[in-house]
Amino acid sequence: MKLIPILLLAASLLSAQYRFKGSADLDAVIEKAIADNQIPGAVLLAGRGAQILHYKAYGYRSLEPRKEKMTLDTIFDAASVTKIVATTSSVMKLVEQGKVRLADKVTVYLPGFQGGQSDVTVRHLLTHYSGLRPDIDLKPEWSGYETGVEKALVDVPVAEPGARMIYSDIGFILLGEIVRVASAKPLNEFAAENIFKPLGMTRSRFLPPVAWKPLIAPTERTDGKILRGVVHDPTTRYMGGVAGHAGLFTTARDLSRWARMMLNGGVLGGVRVLSSATVKKFTEPNSPPHQTALRGLGFDIDSPFSSNRGELYPIGSFGHTGFTGTSVWMDPVSKSYVILLANSVHPNLRPAITPLRSQVATIFAAAIGLTRQDVSLTGYGEVSAYTPVRRHMARTAEVETGIDVLVSEGFARWKGKKAALITNHTGRTRDGKRNIDAMLAGGVELKSLFSPEHGFAGTEDHENVGHAKDEATGLPIWSLYQGKDRKPKPEHLEGLDLLVFDIQDIGARFYTYISTMKNAMEAAASAGIEFVVLDRPNPITGIYVEGPMLDADKTSFVGIHPMPLRHGMTTGEMAQMLNSEAKIGAKLTVVEMKNWRRADWWDATGLTWIDPSPNMRSLNAALLYTGVAMAEYARNYSVGRGTETPFEVFGADWMDGRAMAMHLNKRMVPGVRFYPVEFKPTTSNLAGKNVSGVRIVVTDREGFSSLRLGLEIAAAIEKLHPGKIDWNANARLFGNQEAIEGIQKGIDPRNLEPRLQEAAAGFARRRSQYLLYK
């Protein structure tokens, strides 16, 4: 009776392969690789969903000491594929069980690591951003698992954690030991019980038994003998065959079961092995926000090692390779996977099969209908806390703001309606006309004006801006920044049909124009009139979302709604979010821009820069503002207000500018460099005093992290000049108690940044439904 299911499975596989249009091309490239002596043979298994589309053995399993034909059930030394299938999967399980935390320092589990003094976290190990070397020394020769772990514990890092990606076997040796410590079981036992057995991976294990030897693909000749059933990696061999970076033996069939589980949210055949949330977390980008090499937790996504992604699989797909010739790649969008197992190191080392892996993945992806357009389906920037550096082609556009769109329409949609306008000096059309004059010329019945912080002319820098009158039109200007009176009064809205908002914002949480907009929306809702936002660009792009998030108990006029410091939204998009999430209930209309893209910086728009506020004098200042201004409530500290370059310098009369610049440059803060300066503010903090400080030079605005900059400046001040700044006095600007306490406790910004950015991931997901532009 058992023969029938086996025959049905075989028939199904043959049928699928017979129908699969990519099989001939796949056969051709693999057979050519064998003919060119790149590999002795291979097993290729590729599928989509529950269907296996191509499953075939090629060439020879063994060339020496005798030739053996490759078979589908050949067992391969997985090499570094061990990292994802055994070690990462085990860590995933332990994270679910609450026994391992990604943000924990390695010393929490391994107190002897670096003598107990290290900021390297579990996340750093998984992403290869720990700063540890690629491998431990093998000479003089040594042996034993404990010896290998001890060598990994004391190996001296060659880079700061989070600074750059160094593919490190040492990091995964430590992860294997963390699994042992956290679970009280060796890695091989824990993986077998929690991953392999539930998935029915019957031919996957460390230390394969002698009975498996005839089916194992041999690897390299070492010390005159061909390795067969003994792990190829020398470090793992010295450690007794079990380590976090290598040692697993497995088959294509077993790996396909694991891959299908990963692509099915942690479930296979009704058996849940991992939670869908865990799978998503580990396979989304987790590299530091400013890094170009894109890694998941354990998984490769887009790095110098991801050749097996091929040309067509999108960023957002993931996998890994192994030194012996093994590789796995999976795509959550198409639910497809490619498993190529070869023993390219048999009987001797050959060049890496990088081109072959890429060719195979590309052919399969093309055959199932993937194109480069599918990249957009994995919009990682919207859902991951770890947004990578993305290089956008600079462009020059002719952006039309909301007011320009209305001018081109002749204000037809507002015919016969009475309106009031919230605006300031930035309310200009593309050709430089005031929005007030354009509206009146277009026949709009404009009854009154309202002004935000800094007043109608944008020149006042105090908290009691008075009412005024527009000299050109005689229209009254009601101030919305007069003491605590910051909302339109009901009597000023009587008889109106529209309350219109048209002000240039800069994309920072504590820049108050969006607070004025929220208050005005509430007033319009109470008055039962339509609220209209004439949209304008976010000058520092609509791509990047950076924390810290605003704590609920720190809401104020400089933090009107739970959002990160750099929100990456336009005023129109923000209005939609506020109206929905704050349950304002306004009758909201956004007049959308034309020709603006999310990746556009201000210099791409073709629009004239008008200082949005007295000290916001350049695009550079707007970019640096969210990082530099986090601590400007400290009255003994200057962020350059009252100088020619506000927010591009900072300092104090107690600061050593030279020491500060040197310290920050050594920290390798992404996208910026520093040099010491002296300045004398004419207004604001430290007015009239000689200040020693630092000037910031933007070297890479796409790689820049405002969160990292702010944390590094704060940490440097606390380190070099402890106690000089009352961080709690800046709580409304930081908006986040964890950030403040992290600075006070001396937590390395490289470790604090991911924790704060993690919280911003939820906002990135929330905002997606309100975005108006691509």
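Everything numeric here is computed off the predicted structure, so don't read it as measured data.

Undergrad: When you look at the packing of aromatic side chains in this model, what are you seeing that I'm missing?
TA: Taken as a whole, this structure holds 15 aromatic pairs when the rule is applied. Aromatic pair Phe510 and Tyr625: ring centres 5.1 Å apart, planes at 85°, arrangement edge-to-face. Of this pair, Phe510 sits in the loop between β19 (498-502) and α15 (513-527) while Tyr625 sits in helix α17 (residues 619-628); the two residues are 115 residues apart in sequence, bridging distant segments of the chain. Plain terms: the ring middles of Tyr511 and Tyr625 are 5.8 Å apart, the flat faces sit at 80° to each other, and that makes the pair edge-to-face. On the criterion of sequence distance, the pair formed by Tyr511 in the loop between β19 and α15 and Tyr625 in helix α17 is long-range, its members being 114 residues apart. Here Tyr511 matches Tyr625 in class, with each residue buried. Chaining the aromatic ring pairs together yields one cluster made of Phe510, Tyr511, Tyr513, Tyr625 and Phe647. The ring centre of Tyr60 lies 4.9 Å from the NZ or CZ of Lys67, which sits over that ring. A cation over a ring is seen here: Lys83 above Phe172, with NZ or CZ 5.9 Å from the ring centre.

Undergrad: For this particular structure, what's the right way to read the sheet that holds strand β23 (residues 587-591)?
TA: Strand pairing in a sheet takes place through backbone hydrogen bonds and is either antiparallel or parallel in direction. With mixed pairing, seven strands are arranged side by side in an open sheet as β17-β18-β16-β15-β19-β20-β23. Where the open sheet ends on each side, the last strands, each with one partner, are β17 (468-469) and β23. Sheet topology note: the strand β15 (residues 418-423)/β19 ladder contains five bridges and is parallel. Counted as the bridge partner of Leu421 is Val500 from β19. Of the strands in this sheet, β19, β20 (530-534) and β23 are in contact with helix α16 (residues 571-581), which crosses β23 at around 160°.

Undergrad: Explain the packing of α17 against helix α19 (residues 706-720) here, please?
TA: Angle between the axes and distance between the axes: these two values describe a pair of packed helices. Across the interface, α17 lies against α19 with an axial gap of 7 Å and an inter-helix angle of 50°. Classed by the angle they form, the pair α17 and α19 counts as oblique. Two packed elements cross with a definite hand, and for α17 against α19 that hand is right-handed. Along the contact surface, α17 presents Leu623, Leu624, Thr626, Gly627 and Val628, while α19 presents Ser706, Leu709, Gly710 and Ile713. Looking at the contact of α17 with α19, its residues break down into five nonpolar, four polar and no charged.

Undergrad: Could you clarify how one ought to interpret empty space enclosed by the protein in this entry?
TA: Picture a little ball the size of a water molecule; that probe, rolled over the atoms, points out where space is still empty. Applying the stated rule across the entire model yields nine cavities of 30 Å³ or more. One number sums up the size of the second largest cavity: a volume of about 60 Å³. Lining of the second largest cavity is provided by Ala103, Thr121, Arg123, His124, Asn751, Pro754 and Arg755. Listed by contribution, the elements that provide at least two residues to the lining of the second largest cavity are α4 (122-127) and α22 (749-767). Looking at which element gives the most residues to the lining of the second largest cavity, the answer is α22, with three residues. Each residue belonging to the lining of the second largest cavity can be placed in one class, and the counts come to two nonpolar, three polar and two charged.

Parameters at a glance
- Residues numbered from 1 in each chain as written.
- Predicted model: local features only at pLDDT ≥ 70, side-chain atom pairs only at ≥ 80, totals over all residues.
- Heavy atoms only, no water.
- Phe/Tyr/Trp six-rings, centres within 6.5 Å; stacked < 30°, edge-to-face > 60°.
- Helix = DSSP H or I, 4+ residues; strand = E, 2+ residues; numbered from the N terminus.
- Buried < 20%, exposed > 50% of the residue type's maximum accessible area, 1.4 Å probe, protein only.
- Lys NZ or Arg CZ within 6 Å of the ring centre and 35° of its normal.
- Pairing = 2+ DSSP bridges.
- Contact = heavy atoms within 4.5 Å.
- Axes fitted to C-alpha atoms, helices over the stretch in contact; angles between N-to-C directions.
- Parallel < 35°, antiparallel > 145°, perpendicular 65-115°, else oblique.
- Left-handed = near helix turned anticlockwise from the far one by under 90°.
- Nonpolar A, V, L, I, M, F, W, Y, C, P; charged D, E, K, R; others polar.
- 1 Å grid on protein atoms, 1.4 Å probe; cavity = no way out; pocket = protein on both sides within 12 Å on 5 of 7 lines; lining within 4 Å.
- Points joined across faces, edges and corners; volume = space filled by probe spheres on them.

Interpretation note: all reported values are geometric properties and have no functional meaning in isolation.
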